Amino acid sequence: MRDRDRTPVDGQVPGDSFGAGLQGIRKGAALLQIGLYGAAALAGVAFVVQQAVNAGLRGDLGSGLWAGFVNFTVGGLAVGLLALTLREPLPSLDAAARAPWYAWTGGLLGAVYVVGAIFLIPRIGAAAVVALLIVGQMLMSLALDHFGLLGVPVHEANLPRLGGALLLLSGVALICLF
């Protein structure tokens, strides 16, 4: 067989502009994926800084509950201003009425972790609190994925995912013990 008749390993045939276009799409998708991972990492940085700032505010105000209230007030105002800036339309009452009951618990659940972190960081440290929060998040995420709970698409808790969770637990144990 001549060289020009062979299909390279990447699937692109010489002179095939469609194959070259697919490679461009793949590169673009890979860059988008890297950008999304970077955004998630930055959100993680913001999360940890938020917890440390809230714990400090607790000391300044003399109250963890008022520090949590300030956190949610400032955050609510920021999200409201962003929605106004982006001209996000208000949801209809019909849409709100169609939401399942548990959709309304997000703020309450957020209060549990924010106030919990405010009280725990001064006692066990930021690294231990965040590590343990991540363990809780990972284990619950695996359950939500595996069983498709709360409308999450099903992703089986297979051996590699469970192995990753076990490695995470090992890392958290090292953080908490030392």
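Higher on the page you've got the structure.
Residues numbered from 1 in each chain as written. Predicted model: local features only at pLDDT ≥ 70, side-chain atom pairs only at ≥ 80, totals over all residues. Heavy atoms only, no water.

**Things to note about the packing of helix α2 (residues 64-85) against helix α4 (residues 106-124)**
Item 1. The geometry of α2 relative to α4 is characterised by a closest axis approach of 9 Å and an angle of 130° between their N-to-C directions. As summarised for this structure, α2 and α4 are arranged oblique, according to the angle between their axes. The hand of the α2/α4 crossing is right-handed. Counting all contacts with α2, which are made through G64, L65, A67, G68, N71 and F72, the residues of α4 involved are G107, G110, A111, V114, V115, I118 and F119.
Item 2. Among the residues forming the contact of α2 with α4, the class breakdown is 8 nonpolar, 5 polar and no charged. (Axes fitted to C-alpha atoms, helices over the stretch in contact; angles between N-to-C directions. Helix = DSSP H or I, 4+ residues; strand = E, 2+ residues; numbered from the N terminus. Parallel < 35°, antiparallel > 145°, perpendicular 65-115°, else oblique. Left-handed = near helix turned anticlockwise from the far one by under 90°. Contact = heavy atoms within 4.5 Å. Nonpolar A, V, L, I, M, F, W, Y, C, P; charged D, E, K, R; others polar.)

**Some points on a nonpolar patch on the surface**
Item 1. Taken together, the side chains of W101, Y102, M140, F147, L149 and L150 make up a nonpolar region of the molecular surface, amounting to roughly 700 Å² of accessible area.
Item 2. Along the chain, F147 falls in helix α5 (residues 126-147). (Patch = residues over 30% accessible without salt bridge, like charges linked within 9 Å, V, L, I, M, F, W, Y side chains within 5 Å. Areas by Shrake-Rupley, 256 points an atom, 1.4 Å probe, with all protein chains shown as cover. Salt bridge = Lys/Arg side-chain N within 4 Å of Asp/Glu carboxyl O.)

**Describing the packing of α4 against α5**
Item 1. Relative orientation of the contacting elements α4 and α5 amounts to 140°, with a least axis distance of 7 Å. With respect to each other, α4 and α5 are oriented oblique. In this structure, α4 meets α5 at a crossing whose hand is right-handed. Across from Y113, A117, L120, I121 and I124 in α4, the residues of α5 making contact are A126, A128, V129, L132 and L133.
Item 2. Grouping the constituent residues of the contact of α4 with α5 by class yields 10 nonpolar, no polar and no charged.

**Observations regarding the packing of aromatic side chains**
Item 1. In total, this model carries 3 aromatic pairs according to the counting rule given.
Item 2. Look at W66 and F69: their rings are 5.4 Å apart centre to centre, the planes differ by 80°, and that puts the pair in the edge-to-face class. On the criterion of helical spacing, the pair formed by W66 and F69 is a turn pair, its members being 3 residues apart in helix α2.
Item 3. With a relative accessible area of 49%, F69 lands in the partly exposed category.
Item 4. Judged by centre distance (5.8 Å) and plane angle (85°), the ring pair of W101 and Y102 falls under edge-to-face.
Item 5. Since its relative accessible area comes to 69%, W101 is described here as exposed. (Phe/Tyr/Trp six-rings, centres within 6.5 Å; stacked < 30°, edge-to-face > 60°. Buried < 20%, exposed > 50% of the residue type's maximum accessible area, 1.4 Å probe, protein only.)

**So, the pattern of salt bridges**
Item 1. In the structure shown here, the tally under the stated rule is 1 salt bridge.
Item 2. Residue D145 is joined to R161 by a salt bridge in which the shortest nitrogen-to-oxygen separation is 3.2 Å. You can see D145 sitting in helix α5 and its partner R161 sitting in helix α6 (residues 159-177), a full 16 residues away along the chain.
Item 3. With a relative accessible area of 16%, D145 lands in the buried category.
Item 4. On the basis of relative accessible area, R161 is assigned to the partly exposed category, the value being 30%.

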